[in-house]
Amino acid sequence: MSNFTVSARKYRPGTFDTVIGQNHVTQTLKNAIKKGHIGHSFLFCGPRGVGKTTCARILAKALNCENLTEDGEPCGICNACVSFQNHQSFNIYELDAASNNSVDDIRSLNEQVRFAPQNGKYKIYIIDEVHMLSTAAFNAFLKTLEEPPSYAIFILATTEKHKILPTILSRCQVFDFHRIGIKEAILHLKDICRQEGIEADEEGLYIIARKADGALRDALSIFDKVASFSGDKITYQDVIDNLNVLDYEYYFKIIDYALEKGLAESLLLFDEILVKGFDSHNFLNGLSEHLRNLLICKDPSTIKLLELSEGTQNLYLNQSKKTSMSFLLSALNLLNNFDIQFKASKNQRLHVELALMKLCYIPDVLTFAEGDESSEKKKPEPKPVAKVPTHSGGNAIEITEPPKTVSIKPVVKVEPVIDEVDTPVIPVQVNNPVISAPEISTATTKQVLQPEVATGFSFNLKKIKENVLQAQKAAAEIMVEAEVFEIVDPEKFSNAWKEYLDYIFKKKLVALHTGLKNSAPTFENEKVVVYVNSLIIRNMLVEQKQDMVDFMGRQFNIKPFILEVTVSQQAEMESPKYFSDSEKLKHLMEKNPALGDMVRRFDLRVDW
């Protein structure tokens, strides 16, 4: 049986220049060695398989090398270098902190540090996976790490920097290692193929580099596995078959079917994918990545983000020309939502199939939306029409303004609005008899609804809400003041008013009763005027006006009358009063936005 050595060990870098993808670390270490600025402790951090331990060994070999090169590289031929390469050096110690993580192990290390090296300048300790040390071991190591002997150097390596105590970090020179880029990994794999005499397809090497996820050691392990499977020629098909990777071709077909609304073809292709043993969740993620690549191809400046071969890039460019930006963004959003909900799904196959169904109907949705936009542009602008009710249960008066482009701005008018000129009479039904009420004149309406020429398009929800509230208030005032009835006897009405207060209290209109019990009606210009303390009470009384007319006509034979409800100026200046629980909650939510967020988030309701 031959002595086979895995590629990760066989092609392990022996000098700083041969380290892949860590130039910012190797150049710093080389300059420090050339200038003699050697720290007593180093900490190498980074993901797995990116060269932390390798750089630690090269640094240890260079520090004791007898014939350093001008660039600060170890010579590799002196006694110190040869003994280290043969694992016979007495000056370089490697300690695995994962299995030697107790306080006793660190105490033993502290004892060894006291002895000077037998030959060479430095005694070097490489502690791998240092984050596995216990807290007590770290504390025992602090003093030695802070003030070691002049000949002692510590090189710590870890994949989890956040687990290292801050007191340890502050005593070390920290070097952060980066993930290996796909292009750099492919170049290294090509170099190994050349040395091993293996013919490799660049597409296959890309799959290996992408599968390694930035870890060169993983890429070399996968390479050995595929090389054993394929022999002297590594093809793209061999790689995807051996690594159980879904071919790009499936993703291209799915998008083509979606653009052509081929629902049946998409479902059959997904079934084929499942039959081959691929995971449906991985397929969903792969399809999302495929859409992301298509989106990148939309802009020539971002094509460099596609770390693919030239042939595959051309495939993405061709398909991206067929797809619109709206389709890609909608599809990405759709697949992202399905990915989030995947684990919670009981039937995961149906879950992915539903995603494919919706994906196939995105073009129809976009076409429908575009059709709506075009029809809106062609549609003539309607004439603004304001409908003002003349009475509860009565017909509405339509007020049409013919200007070209106007924005209706309601203005509240507090004074009575009754046109004195002869106007058409419309019937208003009040308490069985039919009583005539004059229609609101156009001049009066123009005071309430003042059209102004729009100077530009703006979409301000707050302003729209204010306009609606003002329009409602103006309409309510018109409804109250537009009815002309007979003159009321003040004494008779005052007695009826007291009975009406008892009547609304029995009807459990507590808030209205409380707001009116201190408001005595007055009689001005042949009409009844009621002054209230808040706009809320005023609106409640306006809503109950017809019931008031019916009650007083039924109990006291009082015929319909003119009622004006006004909020007193003193009350307007005072802070508003809140009677019901919902009003109090609304007020508190306005004062405290956090309370409003909590009420909306948990869908809270007032408990009556």
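Residues numbered from 1 in each chain as written. Predicted model: local features only at pLDDT ≥ 70, side-chain atom pairs only at ≥ 80, totals over all residues. Heavy atoms only, no water.

Caption draft 1: Fine view of the overall build of the protein chain. Within the protein chain, the secondary structure is distributed over 27 helices and 16 strands. Considering only contacts in the protein chain between residues 6 or more positions apart, those separated by 24 or more positions represent 73%. For the protein chain, the computed accessible surface area is about 34900 Å², with 51% contributed by carbon and sulfur atoms. (Helix = DSSP H or I, 4+ residues; strand = E, 2+ residues; numbered from the N terminus. Contact = heavy atoms within 4.5 Å. Areas by Shrake-Rupley, 256 points an atom, 1.4 Å probe, with all protein chains shown as cover.)

Caption draft 2: Broad picture of the pattern of salt bridges. Evaluation of the coordinates by the stated rule reveals 19 salt bridges. Notably, a salt bridge pairs Asp364 with Lys261, separated by 2.5 Å at the nearest N-O pair. Of the two residues, Asp364 is situated in helix H18 (residues 362-378) and Lys261 in the loop between helix H12 (248-259) and helix H13 (263-275); the sequence distance between them amounts to 103 residues. Judged by its relative accessible area of 45%, Lys261 is partly exposed. Several salt bridges converge on common partners, so that one network encompasses Asp17, Lys30 and Glu73. (Salt bridge = Lys/Arg side-chain N within 4 Å of Asp/Glu carboxyl O. Buried < 20%, exposed > 50% of the residue type's maximum accessible area, 1.4 Å probe, protein only.)

Caption draft 3: A look at helix H6 (residues 135-146). Here H6 contains 12 residues, and its C-alpha end-to-end distance of 16 Å stays within 8% of the 16 Å for a straight helix at 1.5 Å per residue. For H6, the set of buried residues is Ala137, Phe138, Phe141, Leu142, Thr144 and Leu145. Buried positions along H6 lie against strand S1 (41-45), helix H5 (103-113), strand S3 (123-128), strand S4 (152-158) and helix H7 (166-169). (Expected span 1.5 Å × (residues − 1).)

Caption draft 4: Representation of the nonpolar core within the structure. In this structure, Phe44, Leu59, Ile155, Ile207, Phe283 and Leu287 are the most contacted members of the largest nonpolar core, which totals 86 residues. For Leu59, the contacting residues outside a window of four places in its chain are Phe16, Leu29, Ile33, Phe42, Phe44 and Ile155. (Core = buried A, V, L, I, M, F, W, Y, C linked by side-chain atoms within 4.5 Å.)

Caption draft 5: Region of the structure containing the environment of Asn518. Turning to its location among the elements, Asn518 is positioned in the loop between helix H22 (510-516) and strand S14 (522-524). Residue classification places Asn518 among the exposed positions, given a relative accessible area of 66%. Spatially, the C-alpha atom of Asn518 lies 8.6 Å from that of Val532, the residues being 14 residues apart in sequence.

The values reported here are purely geometric and, on their own, carry no functional implication.
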